[in-house]
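Working through the structure, step by step
Residue strings, one per chain:
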Amino acid sequence: MFTLRNLWIVPMRGVGPVLFQENALSGALMLLGIAVGSPTAALLALAGNVLGNLAARVFRYPVADIERGLYGFNGTLVGIAVGVFFPLGWQAALLLVAGSVASSPIARIFARCRIPGFTAPFILSTWLLLGIAALLWPALRTSGGTAAIETAPEWLQALSLHFGQVMFEGRSLLTGALFLAGIAVNERRGALYALWGALLPLGMAFFADDYAAFNAGLYGYNGVLCAIALAGPSAWDFARATCAVLLSIALQWSGMQAGIVTLTAPFVMAVWVVMAADRIFILTANSLRSSK
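Overview of the structure. (Residues numbered from 1 in each chain as written. Predicted model: local features only at pLDDT ≥ 70, side-chain atom pairs only at ≥ 80, totals over all residues. Heavy atoms only, no water.)

**A look at the overall build of the protein**
The helix and strand tally for the protein stands at 14 helices and 0 strands. Along the chain direction, N to C, the helices and strands of the protein fall in the order α-α-α-α-α-α-α-α-α-α-α-α-α-α. Taken over the C-alpha trace, the protein has a radius of gyration of 19 Å; the compact-globule value for 292 residues is 19 Å, and the two agree within 12%. Projected onto the principal axes, the alpha-carbon positions of the protein cover approximately 65 × 55 × 40 Å. Here the protein holds 292 residues, and the buried ones make up 50% of them. Counted over contacts in the protein with a minimum sequence separation of 6, partners at least 24 positions apart contribute 73%. Taken as a whole, the protein presents about 13900 Å² of accessible surface, with 68% of it coming from carbon and sulfur. Of the side-chain charges in the protein, 16 are positive and 11 negative, and the distance between the mean point of each set is 15 Å. (Helix = DSSP H or I, 4+ residues; strand = E, 2+ residues; numbered from the N terminus. Rg over C-alpha atoms; globule rule 2.2 N^0.38 Å. Buried < 20%, exposed > 50% of the residue type's maximum accessible area, 1.4 Å probe, protein only. Contact = heavy atoms within 4.5 Å. Areas by Shrake-Rupley, 256 points an atom, 1.4 Å probe, with all protein chains shown as cover. Lys, Arg positive; Asp, Glu negative; His and termini not counted. Charge placed at Lys NZ, Arg CZ, Asp CG, Glu CD.)

**Overview of a negative patch on the surface**
Residues Glu 150, Glu 154, Asp 209 and Asp 210 make up a contiguous surface patch of negative charge. Structurally, Glu 154 is set in the loop between helix 7 (120-136) and helix 8 (155-164). According to the relative accessible area criterion, Glu 154 is partly exposed, its value standing at 41%. (Patch = residues over 30% accessible without salt bridge, like charges linked within 9 Å, V, L, I, M, F, W, Y side chains within 5 Å. Salt bridge = Lys/Arg side-chain N within 4 Å of Asp/Glu carboxyl O.)

**Section: unusual backbone geometry**
In this structure, Phe 20 takes a positive phi of about 65 degrees despite not being glycine. Within the secondary structure, Phe 20 sits in the loop between helix 1 (4-13) and helix 2 (24-37). Classification of Phe 20 by relative accessible area gives partly exposed; the value is 26%. In this structure, Leu 263 takes a positive phi of about 50 degrees despite not being glycine. Tracing the backbone through its elements, the reader meets Leu 263 in the loop between helix 13 (235-257) and helix 14 (265-291).

**Overview of the packing of helix 3 (residues 39-58) against helix 5 (residues 73-85)**
Following both chains from N to C, one finds helix 3 and helix 5 inclined at 135 degrees, their axes separated by 6 Å at the closest point. By the angle class used here, helix 3 and helix 5 are oblique. At the point where helix 3 passes helix 5, the crossing takes the right-handed sense. On helix 5, the residues touching Ala 41, Leu 44, Ala 45, Gly 48 and Asn 49 of helix 3 are Gly 75, Thr 76, Gly 79, Ile 80 and Gly 83. Taken together, the residues of the contact of helix 3 with helix 5 break down into 4 nonpolar, 6 polar and no charged. (Axes fitted to C-alpha atoms, helices over the stretch in contact; angles between N-to-C directions. Parallel < 35°, antiparallel > 145°, perpendicular 65-115°, else oblique. Left-handed = near helix turned anticlockwise from the far one by under 90°. Nonpolar A, V, L, I, M, F, W, Y, C, P; charged D, E, K, R; others polar.)

**Considerations on a nonpolar patch on the surface**
On the surface, a cluster of nonpolar side chains totalling about 410 Å² of accessible area is made up of Leu 128, Ile 132, Leu 135 and Leu 136. Tracing the backbone shows Leu 136 in helix 7.

**Looking at the packing of aromatic side chains**
Scanning the entire structure with this criterion turns up 14 aromatic pairs. Between Phe 122 and Phe 168, the aromatic rings sit 6.1 Å apart at their centres with planes inclined by 80 degrees, giving edge-to-face as the arrangement. Taken as a pair, Phe 122 in helix 7 and Phe 168 in the loop between helix 8 and helix 9 (173-184) lie far apart in primary sequence, 46 residues in all. By the ring-pair criterion, three or more aromatic residues cluster together here, those being Phe 20, Phe 118 and Phe 267. (Phe/Tyr/Trp six-rings, centres within 6.5 Å; stacked < 30°, edge-to-face > 60°.)

**Quick look at the layout of surface pockets**
Here the second largest pocket defines a volume of roughly 440 Å³. Lining the second largest pocket are 21 residues, and of these Leu 70, Phe 73, Pro 116, Gly 117 and Phe 118 lie nearest its centre. Put simply, the parts of the chain that give the lining of the second largest pocket at least two residues each are helix 5 and helix 6 (90-112). Among the elements that line the lining of the second largest pocket, the one with the most residues is helix 6, at 3 residues. (1 Å grid on protein atoms, 1.4 Å probe; cavity = no way out; pocket = protein on both sides within 12 Å on 5 of 7 lines; lining within 4 Å. Points joined across faces, edges and corners; volume = space filled by probe spheres on them.)

**A few points about helix 13**
Its 23 residues give helix 13 an end-to-end C-alpha distance of 33 Å, which sits within 8% of 33 Å, the value for a rise of 1.5 Å per residue. Along helix 13, the positions that sit buried rather than exposed are Asp 237, Arg 240, Ala 241, Thr 242, Ala 244, Val 245, Ser 248, Ile 249, Gln 252 and Gly 255. Within two residues after helix 13, Gly 259 carries a phi angle of roughly 75 degrees, on the positive side. (Expected span 1.5 Å × (residues − 1).)

**Details of the side chain of Gln 91**
By the element assignment, Gln 91 lies in helix 6. Apart from residues lying up to four places away in sequence, Gln 91 is in contact with Trp 137 and Leu 140.

**Some thoughts on the nonpolar core**
Of all hydrophobic cores here, the largest spans 70 residues; its most connected members are Leu 19, Ile 34, Phe 86, Phe 122, Met 167 and Ile 183. For this core, the element with the most residues is helix 5, which contributes 7 residues. With near-sequence residues (within four places) excluded, Phe 122 lies in contact with Asn 74, Leu 77, Val 78, Ala 81, Phe 168, Leu 263 and Thr 264. Counting residues in each nonpolar core, the second largest holds 5 residues, with Ala 56, Tyr 61, Ile 66 and Ala 107 among its members. (Core = buried A, V, L, I, M, F, W, Y, C linked by side-chain atoms within 4.5 Å.)

Scope: geometric values only; no functional claims are made or implied.
What follows is the structure, encoded as structure tokens:
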């Protein structure tokens with residue numbers, strides 16, 4: 001049911017789930033974090049969020065899911081991505097609408113198939129937008145420019161941007177702190193796991209020769225998401241989360257080497273692999289017990 005309260009609660013809940021927090025305060029802190037880095041990105045995030053939620057209402061998806069923010073967070077990411085990959089203009093506006101709206105039925109397909117889609121709807125929508133733009137407006141894609149050569153790791157910067165880059169924010173260290181605060185106000189265990197997921201990728205400083213990418217937080221944002229996704233009270237949960245973080249680092253490095261726009265695909269793939277391996281292990285263990 002629509003109320004004035006939902007007018008701001010639902011959009012904020014549509015930001016928080018990007019980092020697995022179905023909490024309006026968490027979403028507000030994260031939106032503030034985006035705005036600190038780029039007010040324009042914050043507006044695009046809100047636009048994508050609202051469009052994703054509106055699409056879900058038009059398609060008559062469960063109201064409870066909409067109010068939990070489940071159809072807003074992928075649109076939030078699509079909105080920011082449009083501002084990252086394309087110059088603002090009427091083409092970018094069309095792409096934002098198309099991608100944000102498309103993310104909702106894709107999310108619904110995952111839900112109906114009982115597959116944890118995580119940010120897969122955002123990934124698929126954004127890849128689709130990049131493909132459409134390449135066909136219709138090949139000169140539209142924003143150039144990343146020439147990165148400055150960096151010869152030493154900036155540890156604190158990389159750690160903070162491991163959080164910020166979850167939503168394409170690599171401008172301000174405060175952004176990462178606000179994202180972590182947004183997790184902590186809702187889930188302390190999730191915040192501790194998120195820190196672990198941000199700390200592990202710092203080891204890439206000893207293996208990678210691209211310090212610009214390291215300092216920009218590009219090796220670690222998938223690890224933050226992996227750690228929160230698999231957070232739990234047991235040592236087994238911690239082991240699963242650690243395996244997923246390490247796998248996501250390898251996938252991100254491989255994707256970057258191949259020139260792929262990875263987005264959060266390494267996170268989704270790593271968690272899917274770990275969940276599948278966990279399920280196979282449990283089924284095998286149960287089968288062995290029953291055969292005795």
